[in-house]
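Below, each chain spelled out in residue letters.
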Amino acid sequence: GEMDCIPAEELEANKSDQNDEEIALASIFPEEFQKLSHLVVVSVDSPMPEDGAAGKDEDVDDEIPLLERYSSSTIKSPFDFQMLVHPDFSSHEIRLDRGTTVPPEEYSSSNPIVEGLWAVSGEGAGGADTHYATLEHLPPIALRWRCPPSYPSRSAPLFSLHCEWLHPSQIAKAMKAMDELWEEGKGAGIIYTWQTFLHDQLLERLG
């Protein structure tokens, strides 16, 4: 595989670079940067077993209380890290001030981004005058990634973007732009560059 072709020194250097990048991101983005392995997903819908069912299962650890055993689970994400990014709407061509509301008839037809925002954040159902999209309270974009041993010397991180108010085609366009940024700066840590792109340039790129 690819690992066999990479000299041990290069793998060690990558490991060191990844560690340095993680420390830097945690320092610059104390709230937004998160390790996903620490996230526990609790499922409240898991059915409780019938009396005695647990006793028949030899694999069940008796040390774990019954309720915990069946009502929660730790789901390991395929990604190791997450960065939450709130795009800067002020630099977008609409040039909204904080808290400005956008009448949909003014922008939705010409701007797919605002149309998307509108679908998510429009409030009220009592006629056009109650439908406004407020841009400052949208959920953040979640960038999730995992670093292969060949990063950053040869390979980009494996990554995904999640955003409730962007269309899948817009997310695909953003990810393509991020791939291009990696190609330009290949060999060095890319996450800070990606965060800057999502924060500063994403809306302009999609507009």
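Structure: above.
Residues numbered from 1 in each chain as written. Predicted model: local features only at pLDDT ≥ 70, side-chain atom pairs only at ≥ 80, totals over all residues. Heavy atoms only, no water.

Teacher, can you tell me more about the overall build of the protein chain here?
Each helix and strand in the protein chain was counted, giving seven helices and six strands. Start at the N end of the protein chain and walk to the C end: the helices and strands fall as α-α-β-α-β-β-α-α-β-β-β-α-α. Looking at the protein chain as a whole, 32% of its 207 residues qualify as buried. A separation threshold of at least 6 residues defines the contact pool for the protein chain, and within that pool the share at least 24 residues apart is 66%. Per element, the accessible surface of the protein chain, about 12,600 Å² overall, is 52% carbon and sulfur. (Helix = DSSP H or I, 4+ residues; strand = E, 2+ residues; numbered from the N terminus. Buried < 20%, exposed > 50% of the residue type's maximum accessible area, 1.4 Å probe, protein only. Contact = heavy atoms within 4.5 Å. Areas by Shrake-Rupley, 256 points an atom, 1.4 Å probe, with all protein chains shown as cover.)

Looking at this model, I keep getting lost on the sheet that holds strand S2 (residues 81-85). Mind explaining?
Strands sit in the order S1-S2-S5-S6 across an open sheet of four strands; the sheet is antiparallel. Lying at the two open borders of the sheet, with one neighbouring strand each, are strand S1 (33-35) and strand S6 (158-162). In this sheet, neighbouring strand axes are inclined to one another by 20° on average, regardless of whether the strands run parallel or antiparallel. Of the strand pairs in this sheet, strand S5 (residues 141-146) and S6 are connected by five bridges, and their pairing is antiparallel. Across the sheet, the residue bridging to Leu-143 is Leu-161, located in S6. Helix H6 (residues 168-185) rests against S5 and S6 of the sheet, and its axis sits at about 145° to S6. (Pairing = 2+ DSSP bridges. Axes fitted to C-alpha atoms, helices over the stretch in contact; angles between N-to-C directions.)

I would appreciate a short explanation of helix H7 (residues 191-206) in the present structure.
The α-helix advances 3.6 residues per turn, and as a result positions three or four apart in sequence lie on the same side. At Asp-200, H7 shows its maximal bend, which comes to roughly 55°. Here H7 has its buried residues at Ile-191, Trp-194, Gln-195, Phe-197, Leu-198, Leu-202, Leu-203 and Leu-206. (Bend = angle between axes of the 7 residues up to and from the residue.)

Mind showing me how you'd approach the side chain of Asn-14 here?
In this fold, Asn-14 is placed in helix H2 (residues 8-28). Ignoring any residue separated from it by four or fewer positions in sequence, one finds Asn-14 in contact with Pro-149, Ser-150, Tyr-151, Pro-152 and Ser-153.

Explain the packing of H6 against H7 to me, please; I cannot follow it from the model alone.
Two numbers describe a pair of packed helices, the interaxial angle and the distance between the axes. Between H6 and H7, whose axes approach to 11 Å, the crossing angle comes to 130°. On the basis of the axis angle, H6 is oblique to H7. The two elements H6 and H7 cross, and the hand of that crossing is right-handed. Across the interface between the two elements, Gln-170, Lys-173, Ala-174, Ala-177, Met-178, Glu-180, Leu-181 and Trp-182 of H6 pack against Thr-193, Trp-194, Phe-197, Leu-198, Leu-202, Arg-205 and Leu-206 of H7. Split into classes, the residues belonging to the contact of H6 with H7 amount to 10 nonpolar, two polar and three charged. (Parallel < 35°, antiparallel > 145°, perpendicular 65-115°, else oblique. Left-handed = near helix turned anticlockwise from the far one by under 90°. Nonpolar A, V, L, I, M, F, W, Y, C, P; charged D, E, K, R; others polar.)

Which parts of the structure should I look at to understand the pattern of salt bridges?
Two side chains with opposite charge may pair up if their charged atoms get near one another. Enumeration over the complete set of coordinates arrives at five salt bridges. Between Lys-176 and Glu-180 there is a salt bridge, with its nearest N and O atoms 3.1 Å apart. With Lys-176 and Glu-180 both in helix H6 and four residues apart, this pair spans about one turn of that helix. Note on Lys-176: relative accessible area 52%, which makes it exposed. With a relative accessible area of 32%, Glu-180 lands in the partly exposed category. The network of salt bridges with common partners includes Lys-176, Glu-180 and Arg-205. (Salt bridge = Lys/Arg side-chain N within 4 Å of Asp/Glu carboxyl O.)

Is there a simple way to explain the nonpolar core in this structure?
The nonpolar side chains of a soluble globular protein tend to be buried, and buried together. Ranked by internal contacts, the top residues of the largest apolar core, which has 32 residues, are Met-83, Leu-143, Trp-145 and Trp-194. Sorting the residues of this core by element identifies S2, S5, S6, H6 and H7 as the ones contributing at least two each. Element by element, the count of residues in this core is highest for H7, at seven residues. Those residues in contact with Trp-145, other than ones at most four positions away along the chain, are Leu-25, Phe-33, Phe-79, Asp-80, Phe-81, Gln-82, Met-83, Pro-157, Leu-158, Phe-159 and Ile-191. (Core = buried A, V, L, I, M, F, W, Y, C linked by side-chain atoms within 4.5 Å.)

That is the geometry; function is a separate question.
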